[in-house]
Amino acid sequence: MENTDCYKTLSKPSKEVLFKEKKSKFYGYAYPLESENEVKPLIEKLKKQHHTANHVCYAWQLGINNVRYRANDDGEPNNSAGMPIYGQIQSFEVTNVLVAVARIFGGTKLGVGGLISAYRTAAQMALEASPIVERTEKAHFEIKFGYETMNKVMRIIKQHNLEIVSQKLEMECTIHICVPKSHAQMTQQLFQENHTISITERPG
């Protein structure tokens with residue numbers, strides 16, 4: 001298996017962490033992400049939860065080889081919140097993750113340096129409180145074939161140690177398999193050599 005398939009992410013959201021600096025409170029959270037669409041509802045939920053918070057700043061990253069990310073200062077001085085949070089995502093080498101920090105102002109201004117340090121610390125604490133796991137990026141395929149071809153298909157699956165996710169074995173059989181992404185092309189070729197077997201890539 002090639003290392004490009006392996007990545008670190010969170011198995012579930014972190015517990016809430018709290019960092020205090022000159023009476024300002026910084027509540028930190030980390031969440032596993034599947035898509036960018038999940039970001040907005042999570043941030044809105046935090047804004048409701050911390051309705052007295054002056055700012056809910058965050059950063060997220062998605063992808064393994066083609067990485068996408070965003071950092072948001074939510075009204076704090078430019079690059080004083082979102083980028084320090086994103087720096088911790090990079091430091092922990094995690095992806096498919098959102099880290100957010102809600103700040104409740106304590107009456108004393110921290111200055112840009114103080115903000116950078118506080119947001120960085122709250123993000124670090126949230127990731128330290130997160131269950132980080134190593135996963136393998138997988139490609140999923142659906143294989144369709146007639147019952148009479150089953151032995152051939154099963155032999156290929158066994159020989160190449162392919163993971164069966166689900167199977168429906170009737171007169172017309174369907175098997176859903178998954179393999180490390182770097183093995184996707186090779187796996188397709190294994191089955192395409194036989195014209196009685198159809199293989200199509202499918203979403204996980």
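The present account deals with the structure reproduced in this document. (Residues numbered from 1 in each chain as written. Predicted model: local features only at pLDDT ≥ 70, side-chain atom pairs only at ≥ 80, totals over all residues. Heavy atoms only, no water.)

1. Topic: helix α4 (residues 150-159)
Among the residues of α4, those classed as buried are Met150, Val153, Ile156 and Ile157. Down the axis of α4, the buried set is contained in an arc of 130°. They therefore lie on one face. Turned more than 90 degrees off the buried face of α4, the exposed positions are Asn151, Lys158 and Gln159. Of the residues trailing α4, asparagine 161 is marked for its positive phi of about 55°. (Buried < 20%, exposed > 50% of the residue type's maximum accessible area, 1.4 Å probe, protein only. Helix = DSSP H or I, 4+ residues; strand = E, 2+ residues; numbered from the N terminus. Arc of directions from axis to C-beta.)

2. Here we look at the pattern of salt bridges
If you walk through the whole model with that rule in mind, you get eight salt bridges. The closest approach of N and O atoms between glutamate 142 and arginine 202, which form a salt bridge, is 3.4 Å. A residue pair is termed long-range when its members are at least 10 positions apart, and glutamate 142 in strand β8 (residues 138-146) and arginine 202 in strand β11 (residues 198-202) qualify at 60 residues. The class for glutamate 142 is partly exposed, based on a relative accessible area of 21%. (Salt bridge = Lys/Arg side-chain N within 4 Å of Asp/Glu carboxyl O.)

3. Remarks on the sheet that holds strand β9 (residues 163-168)
Pairing in this open sheet of four strands is antiparallel, and the strands run β9-β10-β8-β11 from one edge to the other. The sheet terminates laterally at β9 and β11, the two strands that pair on one side only. If you compare each strand with its neighbour and ignore which way they point, the axes differ by 20° on average. Pairing between β9 and strand β10 (residues 172-180): five bridges, direction antiparallel. Its bridge partner being in β10, lysine 168 is matched across the sheet by threonine 174. Here α4 sits on the sheet and contacts β8, β9 and β10; the angle it forms with β10, its principal contact strand, is near 10°. (Pairing = 2+ DSSP bridges. Axes fitted to C-alpha atoms, helices over the stretch in contact; angles between N-to-C directions. Contact = heavy atoms within 4.5 Å.)

4. A short note on the environment of glycine 107
Here glycine 107 is to be found in the loop between β6 (97-104) and α3 (111-128). Overall, glycine 107 belongs to the exposed group, its relative accessible area being 56%. Taking the C-alpha atoms as reference points, glycine 107 and serine 24, 83 residues apart in sequence, are found 7.2 Å from one another.

5. Some remarks on the nonpolar core
Counting 24 residues, the largest nonpolar core has Phe26, Ile85, Ile89, Val99, Tyr119 and Leu127 as the members making the most contacts within it. Put simply, the parts of the chain that give this core at least two residues each are β2 (17-21), β3 (24-32), β4 (55-62), α2 (82-91), β6 and α3. Tallying contributions element by element places α3 first for this core, with seven residues. Excluding residues that lie within four positions of it along the chain, tyrosine 119 makes contacts with Phe26, His55, Cys57, Glu76, Ser80, Ala81, Ile85, Val101 and Arg103. In this structure, Phe145, Ile156, Cys173 and Ile175 belong to the second largest nonpolar core, which totals 18 residues. (Core = buried A, V, L, I, M, F, W, Y, C linked by side-chain atoms within 4.5 Å.)

Functional significance is not addressed by these values, which are geometric in nature.
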